[in-house]
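The chain contents come next:
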Amino acid sequence: MHPNVWHPFTSIKSSLDPVKVTSGDGIMLTIEDGREVIDCISSWWVNIHGHSHPEISKAISDQAQKLEHVIFSNFTHQPAEDVAEVLADLLPGDLNRVFFSDNGSTAVEVALKVAIQYWQNRGEKRQKFIAFEGAYHGDTFGAMSAGSRTIFSDVFSNHLFDVDFVDYPSTWEGDKSVGDKEDAVIEKIEQLLTDSPDQYAGIILEPLIQGAGGMNMCREEFLQKLHWVNRQYDTLLIFDEVMTGFGRTGEFFACKKAQVQPDIICLAKGLTGGFLPLSVTVCSDRIYETFNSDDPLKTFWHGHSYTANPLGCAAAVASLKILKNSEKRIQSLESVHRDKMSRFEKYNDVKNIRFKGTIVAFDLETDQADGYLNPVSNTIKKHCVDYGLLIRPLGNTIYLMLPYCATDEELETVYSQLEKLLLDKLSIS
Ligand SMILES: *Cc1c(COP(=O)(O)O)cnc(C)c1O
């Protein structure tokens, strides 16, 4: 490890030396020693079109020669207006008021602050949120507060605001109890909302897939039930689509797949195709309108130095264009994964196989406790490069989340190399 670099989510003492990457092209990354690996996780879920995409790099380069940045209060620029327009067009209903920030965590912070102030602007004091066990919304304090309490947030627990947590109705292939699980969660939420009717600012969740919490997947039907409850009790529904956005679930957005319109949606990771940090929090008209006032107390006093950076916006416009052209492939990827994953069905140690669009996940049976600290993760991280793969399990949960440009043959290579790795190093049977 370089003596001056401190890596994220990395134990300084016990982790392996980082792999030094020199270049990327499509799904491939080239390592300093000349070896190549397939990026099976789109580099923390951002590189939806693969690495070094020529159209996105050209868009950034063209923009950099015109205008690299400008203040976004009282000034604006074409790339920001273009991204906002394309997003408003792609998102369902009247989700069309686009607030820019820099990353997924800030997109969530903005959503939480907007939700609280929305009620305040209407003369109501609603400050509480309902969130989900297993949720991950980012690493800033508000985002951590809305996330499930884990070892990541343990040290800071005294500083996190209270949130009411309910279970996430996770499901997988062959799960028969899913309907009951969903009903129990909905019942719990209805109870919370009935017990304190004017206290909840909103309900926040990762729709269809909880990412960092272990690639837990729920059904579209659950989101529909949740939406119904949300309407009955008039609270705000916030979808954190930082990971599920931009095609991951097989449709452009999880909310589109479930045919549910949230009041606020957070988008980041795939927004610029993995080129630059940029995020948005998009609100419906009824929220925006409560901020449309001469009263300074009703203004949303929030922003960042790099808000709506033109380079990021240019990258986003280019990435969204590629996304639209990839729609058919994105929709077809689930069946490719289902086909290739069938080779794992014979192993008893492989359980809870689950698919959602472009993502596949499963858990490995081990003699250690399930969860993020399960040592399976380190064994795989240690050996995956030797098998030509970049994989980063969440404890004993293994998942694949490749760039959409991966061909069927490349996916075949990924599955056969993964099978070899699991047989050789973890002796699955
Ligand atoms: C990654 C992630 C975040 C945080 O985004 P950052 O850009 O890492 O701050 C928030 N929510 C979800 C669902 C995520 O997957």
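Residues numbered from 1 in each chain as written. Predicted model: local features only at pLDDT ≥ 70, side-chain atom pairs only at ≥ 80, totals over all residues. Heavy atoms only, no water.

Trainee: Got a minute to help me understand the pairing of strand β5 (residues 128-132) in this structure?
Mentor: Within a regular strand, the side chains alternate between the two sheet faces. The buried count for β5 comes to 4 of 5 residues, which makes it a mostly enclosed element. Pairing of β5 with strand β7 (residues 200-205), which is carried by 3 bridges, proceeds in the parallel orientation. Of the residues in β7, the one forming a bridge with Ile 130 is Ile 203. As defined by bridge partners, β5 adjoins strand β6 (residues 164-166) across 3 bridges and the pair is classed as parallel. If you follow Ala 131 over to β6, its bridge partner there is Phe 165. The parallel pair β5 and β6, bridged by helix α5 (residues 141-146), forms a crossover whose chirality is right-handed. (Buried < 20%, exposed > 50% of the residue type's maximum accessible area, 1.4 Å probe, protein only. Helix = DSSP H or I, 4+ residues; strand = E, 2+ residues; numbered from the N terminus. Pairing = 2+ DSSP bridges. Right-handed = clockwise from strand over helix to strand, strands pointing away.)

Trainee: Mind showing me how you'd approach the nonpolar core here?
Mentor: Across soluble globular proteins, nonpolar side chains have a tendency to be buried as a group. Counting 94 residues, the largest nonpolar core has Phe 132, Ile 189, Met 215 and Leu 418 as its most contacted members. By residue number, the principal contributor to this core is helix α13 (residues 408-426), which donates 6 residues. Both domain 1 (21-52 + 327-426) and domain 2 (57-324) contribute no fewer than three residues apiece to this core. Formed by 27 residues, the second largest nonpolar core is a distinct cluster that contains Ala 111, Tyr 118, Ala 146 and Ile 204. (Core = buried A, V, L, I, M, F, W, Y, C linked by side-chain atoms within 4.5 Å. Domains from an automatic or database assignment.)

Trainee: Got a minute to help me understand helix α4 (residues 104-121) in this structure?
Mentor: Working note: α-helix, 3.6 residues per turn, so residues spaced by three or four point in the same direction. Helix length check: α4 (18 residues) gives 25 Å between terminal C-alpha atoms against 26 Å at 1.5 Å per residue, within 8%. With respect to burial, α4 is a largely interior element, 15 of its 18 residues being buried. A side-chain oxygen of the first residue of α4 lies 3.0 Å from the backbone nitrogen of Ser 105; this N-cap is Asn 103. At the C-terminal side of α4, Gly 123 shows a positive phi close to 85°. (Expected span 1.5 Å × (residues − 1). Polar contact = N/O pair within 3.5 Å; in protein donor to acceptor, adjacent residues only side chain to side chain.)

Trainee: I tried to follow the site of the ligand on my own but got confused; where do I start?
Mentor: With respect to spatial proximity, the complete set of residues near the ligand consists of Trp 45, Asn 103, Gly 104, Ser 105, Tyr 136, His 137, Gly 138, Glu 206, Asp 240, Val 242, Met 243 and Lys 269. A distance of 3.3 Å separates an oxygen atom of the ligand from a polar atom in the side chain of Asn 103. Within the side chain of Ser 105, one N or O atom sits 2.6 Å away from an oxygen atom of the ligand. Protein contacts shield 83% of the accessible area of the ligand, which totals 380 Å² for the unbound molecule. (Near = heavy atom within 4 Å. Areas by Shrake-Rupley, 256 points an atom, 1.4 Å probe, with all protein chains shown as cover.)

Trainee: Help me understand the packing of helix α11 (residues 327-341) against α13, please; the structure alone is not making it clear to me.
Mentor: Helix-helix packing is described using two parameters, namely the angle between the two axes and the distance between the axes. The contact between α11 and α13 brings their axes to 11 Å, and the two run at 35°. Regarding α11 and α13, the two cross each other, and that crossing is right-handed. Where α11 abuts α13, its residues Arg 329, Leu 333, Val 336, His 337, Lys 340 and Met 341 lie against Asp 408, Leu 411, Glu 412 and Tyr 415. Residue classes in the contact of α11 with α13 are distributed as 5 nonpolar, 1 polar and 4 charged. (Axes fitted to C-alpha atoms, helices over the stretch in contact; angles between N-to-C directions. Left-handed = near helix turned anticlockwise from the far one by under 90°. Contact = heavy atoms within 4.5 Å. Nonpolar A, V, L, I, M, F, W, Y, C, P; charged D, E, K, R; others polar.)

Trainee: What is the right way to read the domain arrangement of the protein from this model?
Mentor: In many reports, interface size means the accessible area that the parts give up when they come together. Here the domain parsing of the protein yields domain 1 (21-52 + 327-426) and domain 2 (57-324). Facing 32 residues of domain 1, the contacting portion of domain 2 comprises 34 residues. Looking only at domain 1, the three residues that lose the most surface to domain 2 are Trp 45, His 49 and Lys 356, adding up to 26% of its buried area. Where domain 1 packs against domain 2, one counts 2 salt bridges. With a shortest N-O distance of 3.5 Å, Lys 356 and Glu 220 are connected by a salt bridge. One can count 15 residue pairs in polar contact (both at pLDDT 80 or more) joining domain 1 with domain 2. Contributions of two or more residues to the side of domain 1 that touches domain 2 are made by α1 (42-45), α11, β13 (350-356), β14 (359-364) and β16 (397-400). Tallied by class, residues from the side of domain 1 that touches domain 2 come to 17 nonpolar, 10 polar and 5 charged. (Buried area = accessible area lost by both parts, 1.4 Å probe. Salt bridge = Lys/Arg side-chain N within 4 Å of Asp/Glu carboxyl O.)

Trainee: What should I look at first to understand the packing of aromatic side chains in this one?
Mentor: Each aromatic ring pair is specified by the distance between its two centres and by the angle formed by the two planes. Following the criterion strictly, the structure yields 16 aromatic pairs and no others. Arranged with centres 6.1 Å apart and planes meeting at 90°, the rings of Phe 132 and Phe 222 form a pair that is edge-to-face. In this pair, Phe 132 is assigned in strand β5 and Phe 222 in helix α7 (residues 220-232), connecting sequence segments 90 residues apart. Classification of Phe 222 by relative accessible area gives buried; the value is 0%. Counting every residue linked through ring pairs, the aromatic cluster contains Phe 9, Trp 44, Phe 152 and Tyr 372. Directly above the ring of Trp 119 sits Arg 126, whose terminal nitrogen or CZ lies 3.8 Å from the centroid. (Phe/Tyr/Trp six-rings, centres within 6.5 Å; stacked < 30°, edge-to-face > 60°. Lys NZ or Arg CZ within 6 Å of the ring centre and 35° of its normal.)

Trainee: Just to check I follow, could you spell out helix α2 (residues 54-66) for this structure?
Mentor: Here α2 contains 13 residues, and its C-alpha end-to-end distance of 19 Å stays within 8% of the 18 Å for a straight helix at 1.5 Å per residue. Those residues of α2 lying buried are Ile 56, Ala 59, Ile 60 and Gln 63. The buried side chains of α2 occupy one side of the element, clustering within an arc of 95° when seen end-on. Structural note: α2 exposes Pro 54, Lys 58 and Gln 65 on the side pointing more than 90 degrees away from its buried face. Against α3 (78-90) and α10 (310-325) lie the buried residues of α2. (Arc of directions from axis to C-beta.)

Trainee: Just to check I follow, could you spell out the sheet that holds β14 for this structure?
Mentor: Strand-to-strand pairing in sheets goes through backbone hydrogen bonds, with the strands running parallel or antiparallel. Judged by pairing direction, the sheet is antiparallel, and its 3 strands sit side by side in the order β13-β14-β16 without closing on themselves. Looking at the sheet topology across the chains shown, the edges are occupied by β13 and β16. Taking each pair of neighbouring strands and ignoring which way they run, the sheet shows an average axis angle of 15°. Taken together, the 4 bridges between β14 and β16 define a ladder with antiparallel strand orientation. From the neighbouring strand, Phe 362 faces β16, where its bridge partner is Ile 398. Strands in contact with α11 are β13 and β14; relative to β13, the strand with the most contacts, it is inclined by about 160°.

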